[in-house]
Structure formats: structure tokens, C-alpha cells
Amino acid sequence: MRKKVTLKQLAKELNLSISTVSKSLKNDSEISQKTINRVHELASFYNYKPNALAVSLKSSKTKTIGIILPEILNHFFAKVLFGIEQEVSKSGYKILTCITNESYKKEVEYVEMLNYSSVDGFIVALSQETQVLNKLDHFKVLKRDNVPVIMFDRVSNEIDCDKVIVDDMEASKNAIQYLVNKGSKKIAVITTISDLSVAKLRLEGAKEVVSKNDKVSLIELSVKNTDGIEAEIEKFLRDNTIDAVLGLDETAAVITINMSHKLGYKIPKDISVIGFTDGLLAKHSYPKLTTVSQHAEELGARAAQILVNQLDNFVENHKPKTEVVKTSLIIRDSTN
């Protein structure tokens, strides 16, 4: 296997200065075409590639962005990541992606690792454990070091940075109002993510709509034990008389449909179901699930645009803003 060659070795073999070889590789007009050809031929022979770290040290930029996600099996975060990558690549940036699996400890470690690797900026959705503990010093360090951070979806008001979110409260209000308009009177809100900021906002939105209508009642189920989700939702459906469910996450909504089938309820004749996140589960459930689409790809692209603009166009005393991506209610067969 041919060993990796350096700029210094190329210069030595060609009997040229390092500066001349470097300029030749960039086709600098100061260098004769004959010399440029010699350098390119030898570089091609050795499959020479410039040292990315050395290039970044000269420019003070690595053209790399750190992405921190709480999970990747979730269709929403996968689509956000796709939107980010598509957008940053247009400006010549690359991404380094770390998955915390909802762990605060891993999140801290990944922030430190990526910052040490000198990424130019971060795009982050907080882990569930970070939100529960509300420990955010690792992001305050980035702020102190003037490293740009964009938070999306799961954000914290304690970190003064740009944020891209969906209006979870408004989305939930629209979903509940749709059920009310269709004649639902006894609505359940079921969630497996009650500790997250997004779930709290969605629940708040649901309560607000119901509080204004004395003919409609609301009952809540928060499933904490992920190993017993099906059993807990099945028991809830058996023990309570309801005619509609808003699942604050896709898992809760799809399992509600499955357990309703098991108990002999017809969807949507007996129980209408709406979920959040327009993922693969929603499209392949039976019947197909009515969902709140958060336009994940658009959200990721917007977060990337904001960060790249900050990196390429430095603005002194930048004032962080929060942008809201509008949601859509996608009507399918699980509602009347």
C-alpha cells in the first residue's frame, strides 16, 4: 500500500520549495505551466490530498458543522438531518453528526469533542435527559467561546442563541379543534414524551381549546415506562370511554390504533386518532394516521441557512431570534 505523502515530501522529490508546490497545486499564475504540470503529475501519482487540518488552521475555519441529535430512528430527526445536509453542502460545508440517545452525559461529551475538533458551529436538539435535568453549562461554554449555536425543536430559553421551532401549542390547538368540529366530545391526550418541552406545549394547546368548550372533556395519559407502552395504552382505552385521541408523538398515536383494533373498536367510527410527526409509521398504519406535519426537512434547512449565514457573514453584536415553521394537519383515514 502506497503511504500517504505530504506537501514537504512532494517538494523534496521535485526539488522545489514548499511554497512553489502549494501554489502549483492551486494553479497560481505566478508559476510556469511546466512546473504546474510536474507538480500535478506527481501529486496524482501519490494520490496527494491537502491536509484538511492545516488548511483550516490557515483559514481559521474547518468548514465543518457539528450536529447533535437526541435520536436517529425517529423519522422526524432523520428528515431534519437530511434538510441540514442538503443545505450546508450548497455552501461547501460538511457535517459531523452525533447521536445522544437522550443522554445528558453523552450530549456533554459530544459537545466537548466537537468543540475540541474545532467545528465552526453547532445545530442542536436537546436530549430528553438534558431537558429533565435542565443542566446547560456545556452550551453556555460555547456561547462564552463565541461558537455559533442554532437550537431546533427541543430548545431552552436559558440559552441565548438562534432557534428554529414549530408552534407546538398552535398545532395542538388546531388538531383538537378539528376533532371538536367533527363532533368529538370525550378526547384523550396520550403521550410517551411528557418530559419534553414540545409535549408540554402540545398539552397546553389541547387544554386551552377544551377549556373554552363546556361540552367537551379532556383526559390525559402519560406513559413513562417505554417497555410497557402497549399494555398501558390498552388498559387506558379499556377503562375510559372516549371518542377521540390526540397522540402527542407518533408512537402513542400508532399504538392507540393498534390497541383499539385489539379491543374491537373501529377507527374512526368509534375512536378518531390524530398524531404528531408525519413519519413512516403514520403512512403505513391501518387505517392511515391523520397527523400534524412539522415539515422537518424545511426546519432543518432553515436552521442550516441561519448558521451558514452567521459563519459566512460575521455580524458584531448579533441578536438571536426565534423562527417558527408552520405546521400542517394532514387528514387521513383515522379521523371521521
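Everything below is about the structure printed above this text.
Residues numbered from 1 in each chain as written. Predicted model: local features only at pLDDT ≥ 70, side-chain atom pairs only at ≥ 80, totals over all residues. Heavy atoms only, no water.

Draft legend 1. Structural view of helix 12 (residues 250-262). Taking 1.5 Å per residue, 13 residues should reach 18 Å; helix 12 reaches 19 Å between its end C-alpha atoms and fits that length. If you check which residues of helix 12 are buried, you get Glu 250, Ala 252, Ala 253, Val 254, Ile 255, Thr 256, Ile 257, Met 259 and Ser 260. Looking at the buried side of helix 12, the elements it contacts are strand 6 (186-191), helix 11 (229-239), strand 8 (244-247), strand 9 (272-276) and helix 13 (280-284). Phi for Gly 264, located one or two positions after helix 12, is positive at around 90°. (Helix = DSSP H or I, 4+ residues; strand = E, 2+ residues; numbered from the N terminus. Expected span 1.5 Å × (residues − 1). Buried < 20%, exposed > 50% of the residue type's maximum accessible area, 1.4 Å probe, protein only. Contact = heavy atoms within 4.5 Å.)

Draft legend 2. Region of the structure containing the pairing of strand 7 (residues 217-222). Summarising the sheet, strand 6 and strand 7 pair through 6 bridges and their orientation is parallel. Across the sheet, the residue bridging to Thr 191 is Ser 222, located in strand 7. In terms of handedness, the path from strand 6 via helix 10 (residues 197-211) over to strand 7 forms a crossover that is right-handed. (Pairing = 2+ DSSP bridges. Right-handed = clockwise from strand over helix to strand, strands pointing away.)

Draft legend 3. Broad picture of the pattern of salt bridges. Applying the stated rule across the entire model yields 18 salt bridges. A salt bridge links Glu 297 to Lys 79; its shortest N-O distance comes to 3.3 Å. Separated by 218 residues along the polypeptide, Glu 297 in helix 14 (residues 296-312) and Lys 79 in helix 5 (residues 75-89) bring together distant segments of the chain. Residue class for Glu 297 comes out partly exposed when judged on its relative accessible area of 34%. Since its relative accessible area comes to 31%, Lys 79 is described here as partly exposed. One salt bridge in this structure joins Asp 239 and Lys 235, with 2.8 Å as the shortest N-O distance. Remark: Lys 235 and Asp 239 occur in helix 11; sequence separation between them is 4 residues, near one turn of the helix. (Salt bridge = Lys/Arg side-chain N within 4 Å of Asp/Glu carboxyl O.)

Draft legend 4. View of the side chain of Ser 103. Tracing the sequence through the fold places Ser 103 in the loop between strand 2 (94-99) and helix 6 (104-116). With a relative accessible area of 15%, Ser 103 lands in the buried category. At 3.3 Å, the side chain of Ser 103 and the backbone nitrogen of Lys 105 are in polar contact. Setting aside its immediate chain neighbours within four residues, Ser 103 contacts Ser 127 and Glu 129. (Polar contact = N/O pair within 3.5 Å; in protein donor to acceptor, adjacent residues only side chain to side chain.)

Draft legend 5. Seen up close, the sheet that holds strand 12 (residues 328-330). Sheet architecture is open: 6 strands sit in the order 7-6-8-9-10-12, paired in mixed fashion. The two strands at the open ends of the sheet, each matched to only one other strand, are strand 7 and strand 12. Ignoring which end each strand starts from, the neighbouring axes of this sheet average 20° apart. Against the sheet, helix 10 makes contact with strand 6, strand 7 and strand 9, and its axis sits at roughly 165° relative to strand 7, the strand it touches most. (Axes fitted to C-alpha atoms, helices over the stretch in contact; angles between N-to-C directions.)

Draft legend 6. Helix 1 (residues 7-14), seen in detail. Inspection of helix 1 places Leu 10, Ala 11 and Leu 14 among the buried residues, and these make up the whole buried set. Around the axis of helix 1, the buried residues are gathered within 100° of arc, so they sit on the same side. Facing away from the buried side of helix 1, by more than 90 degrees, are the exposed residues Lys 8 and Lys 12. Buried residues along helix 1 sit against helix 2 (18-25) and helix 3 (33-45). Just beyond helix 1, the residue with positive phi is Asn 15, at close to 60°. (Arc of directions from axis to C-beta.)

Draft legend 7. Summary view of the pairing of strand 3 (residues 121-124). What you see with strand 3 is no split at all: Gly 121 and Ile 123 on one side and Phe 122 and Val 124 on the other are buried throughout. Sheet topology places strand 1 (residues 64-69) next to strand 3; 4 bridges connect them, and they run parallel. Across the sheet, residue Ile 68 finds its bridge partner in strand 3, namely Val 124. Where strand 3 and strand 4 (residues 149-152) come together, 3 bridges link them in parallel fashion. The residue bridging Val 124 from the neighbouring strand is Met 151, located in strand 4.

Draft legend 8. Region of the structure containing the state of the cysteines. Going through the model one piece at a time under the given rule, you end up with 0 disulfides. With no disulfide of its own, Cys 98 has Cys 161 as its nearest cysteine by sulfur position, at a separation of 18 Å. A relative accessible area of 7% means that Cys 98 is categorised as buried. (Disulfide = S-S within 2.5 Å.)

Draft legend 9. Looking closely at the side chain of Ser 334. Looking at the secondary structure, you find Ser 334 in the segment after strand 12. Residues in contact with Ser 334, not counting those within four places in the same chain, are Ile 257, Ile 267, Pro 268, Ile 271, Ser 272, Val 273, Pro 287, Lys 288, Leu 289 and Thr 290.

Draft legend 10. Structural detail: the sheet that holds strand 4. If you trace the 6 strands from one edge of the open sheet to the other, you get 2-1-3-4-5-11, paired in parallel fashion. Two strands in the sheet have a free side with no partner beyond their single neighbour: strand 2 and strand 11 (322-325). Averaged over all neighbouring strand pairs, the angle between strand axes comes to 20°, with direction disregarded. Pairing analysis gives 3 bridges linking strand 4 to strand 5 (residues 162-166), with the strands arranged parallel. Pairing of Ile 150 across the sheet is with Asp 162, part of strand 5.

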